[in-house]
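# Structural overview
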Amino acid sequence: MDTDLSSASKLAFPLLAVVQATLIFTIVMIGIPLPDIGREFGLQASDLLLVSTAYGLPFSGLLLFGGRLTDRFGGLKLFTVGLCVFGLASAVAAFSTHFNMMVAMRFLQGVGAALTAPAAVAVLRTLFPDPSAFMRAMATWGGVSVLGGGVGFLASGVVTTWVSWRWMFVVPVIIAIIGLMAVKWVLPKDEDSQTVKHKIGLDPLGALLATLGISIGSYGLIASGELGWSTPVVFVPVLVGLCLIALFLVAERRVNDPLLPKGFIGEPNRIVGLVGILLAAASMGLVTFLLSLFLQIQQNWTPLETAGAFVPYTLTLLIMNQAASRIVGRLGALKVTISGLVIGAVGLSLLAGIHQEVTYVSGLLPGIVILTLGTSLMFSGSAVLSTMNVPQHQAGLAGGVMNTSMELGPTFGLASLMVITGIASDVVGGYSLAFATAAGIYVAAALLAWLITRRRYQSTVQTASEQSG
């Protein structure tokens with residue numbers, strides 16, 4: 001990335017990337033083994049939902065506050081604390097003897113992840129103080145998270161088939177240990193940054209409202225897939241979550257150091273980047289979820305065969321991640337993001353042709369590969385746009401906002417598009433309708449991104465003309 005880095009520092013980026021990938025890996029790693037966990041603990045569907053969401057809810061809900069803590073106390077300190085919580089919770093979860101213990105440890109994993117993810121971005125900002133070098137790093141960073149999800153999906157199928165689901169927790173434990181070793185020997189110290197330390201407040205009320213609003217609302221959205229929108233378990237949390245988020249926005253106007261500073265998200269490039277990340281995460285969550293159901297239920301594939309169906313997806317991500325920095329550097333983050341939306345729409349349109357007799361190689365594989373190409377470009381370009389022009393003292397905030405968008409993408413995507421699947425007369429027809437709808441959303445987002453940035457460009461040209469006149 002940067003030829004001026006020392007030999008030790010050259011190890012820092014890949015180590016940080018592996019940690020970030022592992023945080024996402026940990027979300028999906030129990031997806032395929034979930035039925036085995038349910039049988040071992042004698043769980044009902046509602047219990048399985050808690051096991052599945054216990055990690056993601058605190059992860060997504062606490063990211064903004066994790067970003068604030070990072071900016072207040074330093075990236076390396078929060079990275080260390082977060083990895084300690086994450087690693088210890090993972091180790092205990094592997095030995096869970098009952099349902100409550102498993103849920104509690106998954107929850108603590110999520111807390112640790114919410115501290116680690118924004119701190120990793122802050123450490124990355126310290127590692128690459130030059131803005132252009134930081135942008136090149138973020139272009140690669142954007143594909144790291146989705147790659148972690150793909151590897152987690154594959155690994156869970158293999159582990160479920162050959163050994164016990166408990167072995168899945170070995171990976172986050174090992175990576176946490178490696179990350180903590182890197183803190184001492186590899187990662188740049190906070191005090192090495194030449195930027196002035198900004199002593200900002202913690203905004204505890206804003207943190208509480210944002211965390212509860214996102215977590216409670218997300219739980220309702222996730223539950224809608226299993227229980228439908230007519231049950232209180234679904235619509236009450238969604239309404240409560242929306243009310244809390246509304247209160248959060250009002251409260252932020254009344255504090256001196258708001259958790260989310262005014263205008264931070266409103267910058268056009270950042271809007272495009274955050275929407276791009278949200279849509280990319282949503283589409284990949286939709287595809288892995290629906291195609292897993294289709295292959296295992298409709299086609300009677302085994303968990304191992306289903307995991308194998310996504311090998312091309314993971315290989316495509318690996319290839320694109322290697323080229324991401326060069327592509328963004330040559331074309332620019334905005335063009336890459338919009339191109340990714342268009343290519344992703346083509347992939348989703350191909351997947352919309354799914355039917356009961358479809359074959360994997362000719363009917364599903366082209367759509368999977370093309371969609372993966374598009375979303376990989378979206379993640380790379382959007383990561384750059386989301387963190388563009390962010391000063392060191394807001395690096396944690398940028399990491400928290402970006403990861404929040406990534407975490408909420410699958411939640412909102414699945415909740416909304418699963419409603420659409422119910423409109424169709426049959427299950428597979430519902431899958432087709434969901435993919436077609438997602439393709440339309442991609443096209444609309446590409447047009448809006450072009451219009452937003454085009455309007456900003458015209459405004460800039462007009463201002464420059466008036467000043468020169």
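This structure is a prediction, so every number in the text was calculated from the model and none was measured.

What follows is about the environment of Gly273. With respect to the element layout, Gly273 can be found in helix 12 (residues 268–298). On a C-alpha basis, the gap between Gly273 and Leu43 in space is 40 Å, while along the polypeptide they are 230 residues apart.

A separate point is the side chain of Thr375. Within the element layout of this structure, Thr375 appears in helix 16 (residues 360–386). A polar contact of 3.2 Å, which involves the side chain of Thr375, links it to the backbone oxygen of Thr372.

This part takes up the nonpolar core. By size, the foremost hydrophobic cluster in this structure holds 100 residues, and its most contacted members are Trp141, Leu364 and Phe435. When residues no more than four places from it in sequence are discounted, the contact partners of Phe435 are Leu286, Val287, Leu290, Leu291, Leu348, Leu351, Ala352 and Ile354. Of all hydrophobic cores here, the second largest spans 20 residues; its members include Ile37, Leu43, Val103 and Met105.

For the rest of this paragraph, the subject is the packing of helix 12 against helix 15 (residues 333–351). One can describe the packing of helix 12 onto helix 15 by two numbers: an axis separation of 11 Å at closest approach and a directional angle of 25 degrees. With respect to each other, helix 12 and helix 15 are oriented roughly parallel. Judged by the twist between their axes, the crossing of helix 12 over helix 15 is left-handed. Contacts between helix 12 and helix 15 involve Val272, Leu279, Val287 and Leu291 from the former and Leu334, Thr337, Leu341, Leu348 and Leu351 from the latter. Within the contact of helix 12 with helix 15, the residues separate by chemical class into 8 nonpolar, 1 polar and no charged.

This brings us to the pattern of salt bridges. Per the stated rule, a full pass over the model turns up 2 salt bridges. The residue Arg39 makes a salt bridge to Asp36 at a minimum N-O spacing of 2.2 Å. Note that Arg39 and Asp36 are positioned in helix 3 (residues 34–41) at a spacing of 3 residues, about one turn of the helix. The partly exposed category is assigned to Asp36, whose relative accessible area is 25%. Residues Glu40 and Arg166 are paired through a salt bridge, measuring 2.6 Å at the closest nitrogen-oxygen approach. Of this pair, Glu40 sits in helix 3 while Arg166 is found in the loop between helix 8 (131–162) and helix 9 (170–185), placing the two residues 126 residues apart along the sequence. The partly exposed category is assigned to Glu40, whose relative accessible area is 42%.

Our next topic: the confidence of the model for the protein chain. Per-chain confidence: the protein chain averages 85 in pLDDT, with 92% of residues scoring 70 or above. At the low end of the mean pLDDT range in the protein chain sits helix 1 (residues 7–10), at 59; at the high end sits helix 6 (residues 75–93), at 96. Counting contacts from residues 192–197, a segment whose pLDDT is below 50, to residues more than four positions away or on other chains yields 4 contacts. Scored below 50 in pLDDT, residues 457–469 shows 0 contacts in the model against residues more than four places distant or in partner chains.

Bringing unusual backbone geometry into the picture now. Positive phi values are uncommon outside glycine, yet Asn300 reaches one of about 60 degrees. Here Asn300 shows up in the loop between helix 12 and helix 13 (303–308). The phi dihedral of Asn389 falls on the positive side, at around 60 degrees, and the residue is not glycine. Structurally, Asn389 can be placed in the loop between helix 16 and helix 17 (395–421). Since its relative accessible area comes to 69%, Asn389 is described here as exposed.

So, on to the packing of helix 8 against helix 16. Contact geometry for helix 8 and helix 16: axes closest at 7 Å, N-to-C directions at 130 degrees. If you check the angle between helix 8 and helix 16, you find them oblique. Handedness of the crossing formed by helix 8 with helix 16: right-handed. Here helix 8 contributes Met135, Met138, Ala139, Gly142, Gly143 and Val146 to the contact with helix 16, which in turn contributes Phe379, Ser380, Ala383 and Val384. Tallied by class, residues from the contact of helix 8 with helix 16 come to 7 nonpolar, 3 polar and no charged.

Over its 32 residues, helix 8 runs 46 Å from end to end, which matches the ideal 46 Å to within 8%, given 1.5 Å per residue. Most of helix 8 sits out of view: 24 of its 32 residues are buried.

Here the focus is a nonpolar patch on the surface. A contiguous nonpolar patch, built from Val158, Trp162, Val163, Trp167, Val170, Ile174, Ile178 and Leu304 and spanning about 740 Å² of accessible area, is present on the exposed surface. Residue assignment for the nonpolar patch shows that the elements contributing at least two residues are helix 8 and helix 9. Here the element with the most residues in the nonpolar patch is helix 9; it accounts for 3 residues. Relative to the elements of secondary structure, Ile174 occurs in helix 9.

Here is what the cut-offs are and how they apply
- Residues numbered from 1 in each chain as written.
- Predicted model: local features only at pLDDT ≥ 70, side-chain atom pairs only at ≥ 80, totals over all residues.
- Heavy atoms only, no water.
- Helix = DSSP H or I, 4+ residues; strand = E, 2+ residues; numbered from the N terminus.
- Polar contact = N/O pair within 3.5 Å; in protein donor to acceptor, adjacent residues only side chain to side chain.
- Core = buried A, V, L, I, M, F, W, Y, C linked by side-chain atoms within 4.5 Å.
- Buried < 20%, exposed > 50% of the residue type's maximum accessible area, 1.4 Å probe, protein only.
- Contact = heavy atoms within 4.5 Å.
- Axes fitted to C-alpha atoms, helices over the stretch in contact; angles between N-to-C directions.
- Parallel < 35°, antiparallel > 145°, perpendicular 65-115°, else oblique.
- Left-handed = near helix turned anticlockwise from the far one by under 90°.
- Nonpolar A, V, L, I, M, F, W, Y, C, P; charged D, E, K, R; others polar.
- Salt bridge = Lys/Arg side-chain N within 4 Å of Asp/Glu carboxyl O.
- pLDDT = per-residue confidence, 0-100.
- Expected span 1.5 Å × (residues − 1).
- Patch = residues over 30% accessible without salt bridge, like charges linked within 9 Å, V, L, I, M, F, W, Y side chains within 5 Å.
- Areas by Shrake-Rupley, 256 points an atom, 1.4 Å probe, with all protein chains shown as cover.

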